[in-house]
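# Coordinates in review
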Amino acid sequence: MVKRILTVLLLFPTLVCAQINTDRVMTIARNALYFEDYVLSIQYFNQVINAKPYLYEPYFFRALAKLNLEDFQGAEADCDAAIQRNPFVVGAYQIRGLARIRQSKFDGAIEDYKKALHYDPENITLWHNLTLSHIQKKDYDAAKEDLESLLKVSPRYTRAYLMRGEVSLQQKDTIAALNDFNKALELDKYDPDAWAARAIVKLQQAKYAEAEADFNRAIPLSAKNAGNYINRALARFHQNNLRGAMSDYDLALDIDPNNFIGHYNRGLLRAQVGDDNRAIEDFDFVIKMEPDNMMAVFNRGLLRAQTGDYRGAIQDYTTVINQYPNFLAGCYQRSEARRKIGDKKGAEQDEFKVMKAQIDKQNGVTNKDVAQNKDKENDEEGGEKTRKKSDKNMNNYRKIVIADDSEAEQRYTSDYRGRVQDKNVNITLEPMFALTYYEKMSDVKRSVNFHKYIEDLNRTGILPKRLRITNMEAPLTEEQVKVHFALIDTHTSAIVEDDKNASKRFARAIDFYLVQDFSSAVSDLTQTILLDGDFFPAYFMRALIRCKQLEYQKAEQAVETDVVPGDNKRKEITAVDYEVVRKDLDKVINLAPDFVYAYYNRANVSAMLKDYRAAIIDYDKAIELNPDFADAYFNRGLTHIFLGNNKLGISDLSKAGELGIVSAYNVIKRFTDQSE
């Protein structure tokens, strides 16, 4: 839908700029936007806005880019700015309305679409989205009124019939829904959504062969829609065509490798046909996505036992039993596995628990904690072979999963190519800054990090290479490693000749740091500080290196604890250990209050220690000193989210994305729908 909006908008020459350079930058930006290079386009729009902030167009088009990146809050803010500069642009209300829909601000979206329809009453897209807004509000009568108006404007618009069919389904009128889906197919037999919509109704009616036939028509018309394969697999499963169902799950996972339902259900089917090892692989994936999914853990335990990995099975059964102490199937299976490894005592304990529960049941004694065993409602009612994803009844562990109603894919919104927010990124803070010679290249150019003192230091020629301020440190190549070991020897000779020279000590400390000799680096930095107590880069780097040492030690301890639980003799790393890091950063700030990276690094240390409010104070200061400090916005955004302030967090992440941190859009996507 957004692509169509942009196609129309680009047909009109909306820009009349005085300077040819601004014209050219704007043209490049719109070109990048059209070809879906959204992050790059934002960088160009930023340049136009900085040059001519009174124009509405760069705000409007930047909003469109942000919308495609699912930065809905940022898109809405840019539309506000565009409308403030020109309140008669229909497209601005249209884009803001869509941004508001995605933030569940349906009243605001309805207001925007009505305003836009005042200027353009025959715009099909506006009627379409107005209808969606009313559907989301469950105002089905208003939605049907919208659709009547839409069909008067465009009687052959098939999406209107599909949406009206959806409204009828919500009103439990299956006959009216099927009539509308049939009408849509009559108008356009090549519409995959129409075939899929009718197929889903057939699934609900348990007409599985007819549902499969409709999915067979939908899939060739929309071969990259994983949902259609997942649903056809369900139709085939109900017809006992397990191989066909598994083939569909394979195809769905080729398209969408992270599809939870695809992996879980394929794991169940592989287990049914005896493909145990590959079933375990599927459940491994599910557990990696959802470590607390006890049904997946229990199914993996069964499969491990089946393949002779009894210790692995016991580990899985124990995980489940710890969560559900009265899950009798778990106790029974664990007793069997314990007997296999010769743990007779453990097996008898589990068997006794099962036997006691059975006797209690015969005597009419009910344990209110045995939630999983209560009547086995879902297991026996109507012989159901499926369960909702949100169903936590452990007795349903063998059932095929279907999506919850709230998770069902929006049927009438398009999926767009090239969306950077779909890349899987870990939700972690942006790294701390360092002084180093090498920096990774970034696909999206961010601002160059600069400080006058560091630049003056580079001009002196004391250091062998130009010092950079970066948090995207590049690992050394083999050749660079040789160079820096040779430089260490050179610096050592120079220090022997003049052991009172702080600069030479600092230069060697940087080389030690680059070759990962942290202890030697800290030693040289300490000597540098003793020789020149006002040389703040030495404090800055010592803080960074000590922090890295502590993080490494924590990682080492975690590995040792996993290998030998309870046998870790090393001193546990605590907040006290980070005090030396804080003190060095305090000293940097005292010596160079405008060195923004010291506030940022100190904020990161506070965030590591979960002192989020202290972290926010330092991120605030960093942003005050440098209003375009992308990393600080990103980390402050995450910190707000850690504190439960999602709205503030998303606002900061939006700014970080605007300034070039691509992964911000993925995080925004994850948290936009979460309530504060």
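Residues numbered from 1 in each chain as written. Predicted model: local features only at pLDDT ≥ 70, side-chain atom pairs only at ≥ 80, totals over all residues. Heavy atoms only, no water.

To continue, consider the overall build of the protein chain. Helix and strand content of the protein chain: 33 helices and 4 strands. Among the 676 residues that make up the protein chain, the fraction classed as buried is 51%. Counting only contacts in the protein chain whose residues sit at least 6 apart along the sequence, the fraction spanning at least 24 positions is 57%. Summed over all atoms, the accessible surface of the protein chain reaches about 33400 Å², with 49% contributed by carbon and sulfur. (Helix = DSSP H or I, 4+ residues; strand = E, 2+ residues; numbered from the N terminus. Buried < 20%, exposed > 50% of the residue type's maximum accessible area, 1.4 Å probe, protein only. Contact = heavy atoms within 4.5 Å. Areas by Shrake-Rupley, 256 points an atom, 1.4 Å probe, with all protein chains shown as cover.)

As a further point, take the packing of helix 25 (residues 502-514) against helix 26 (residues 518-531). Relative to each other, helix 25 and helix 26 sit at 160°, their axes nearing to 8 Å. It follows that helix 25 is roughly antiparallel to helix 26 by the angle criterion. Viewed along their axes, helix 25 and helix 26 form a crossing whose handedness is left-handed. The residues of helix 26 that touch helix 25, namely those facing Ala 502, Arg 505, Phe 506, Arg 508, Ala 509, Phe 512 and Tyr 513, are Phe 518, Ser 520, Ala 521, Asp 524, Leu 525, Gln 527, Thr 528 and Leu 531. Each residue belonging to the contact of helix 25 with helix 26 can be placed in one class, and the counts come to 9 nonpolar, 3 polar and 3 charged. (Axes fitted to C-alpha atoms, helices over the stretch in contact; angles between N-to-C directions. Parallel < 35°, antiparallel > 145°, perpendicular 65-115°, else oblique. Left-handed = near helix turned anticlockwise from the far one by under 90°. Nonpolar A, V, L, I, M, F, W, Y, C, P; charged D, E, K, R; others polar.)

Attention now goes to the confidence of the model for the protein chain. Across the protein chain, pLDDT averages 85, with 85% of residues at or above 70. Every residue in residues 561-567 is under pLDDT 50, and counting partners more than four places away or in other chains gives 1 contact. (pLDDT = per-residue confidence, 0-100.)

With that settled, the discussion passes to a nonpolar patch on the surface. A cluster of nonpolar side chains, contributed by Phe 352, Met 355 and Ile 359, occupies part of the molecular surface with about 310 Å² of accessible area. Mapping Phe 352 onto the fold places it in helix 21 (residues 344-362). (Patch = residues over 30% accessible without salt bridge, like charges linked within 9 Å, V, L, I, M, F, W, Y side chains within 5 Å. Salt bridge = Lys/Arg side-chain N within 4 Å of Asp/Glu carboxyl O.)

What follows concerns the nonpolar core. Inside soluble globular proteins, nonpolar side chains tend to come together where they are buried. Formed by 189 residues in total, the largest nonpolar core has its most connected members in Tyr 264, Phe 506, Phe 540, Met 541 and Phe 595. At 10 residues, helix 27 (residues 536-563) tops the list of elements feeding residues into this core. Apart from residues lying up to four places away in sequence, Phe 540 is in contact with Phe 433, Ala 434, Leu 435, Leu 585, Val 588, Phe 595, Tyr 597, Ala 598 and Asn 601. (Core = buried A, V, L, I, M, F, W, Y, C linked by side-chain atoms within 4.5 Å.)

With that out of the way, let us pick up the environment of Asn 225. Note that Asn 225 resides in the loop between helix 13 (208-221) and helix 14 (226-238). Along the backbone, Asn 225 and Asp 256 are 31 residues apart, and their C-alpha atoms lie at a distance of 8.8 Å.

A few words on unusual backbone geometry. The phi dihedral of Glu 70 falls on the positive side, at around 65°, and the residue is not glycine. Looking at where Glu 70 falls in the secondary structure, it is placed in the loop between helix 4 (57-68) and helix 5 (72-85). Positive phi values are uncommon outside glycine, yet Lys 610 reaches one of about 65°. Turning to its location among the elements, Lys 610 is positioned in the loop between helix 29 (596-608) and helix 30 (612-625). Residue Lys 610 is classed as exposed on the basis of its relative accessible area of 61%.

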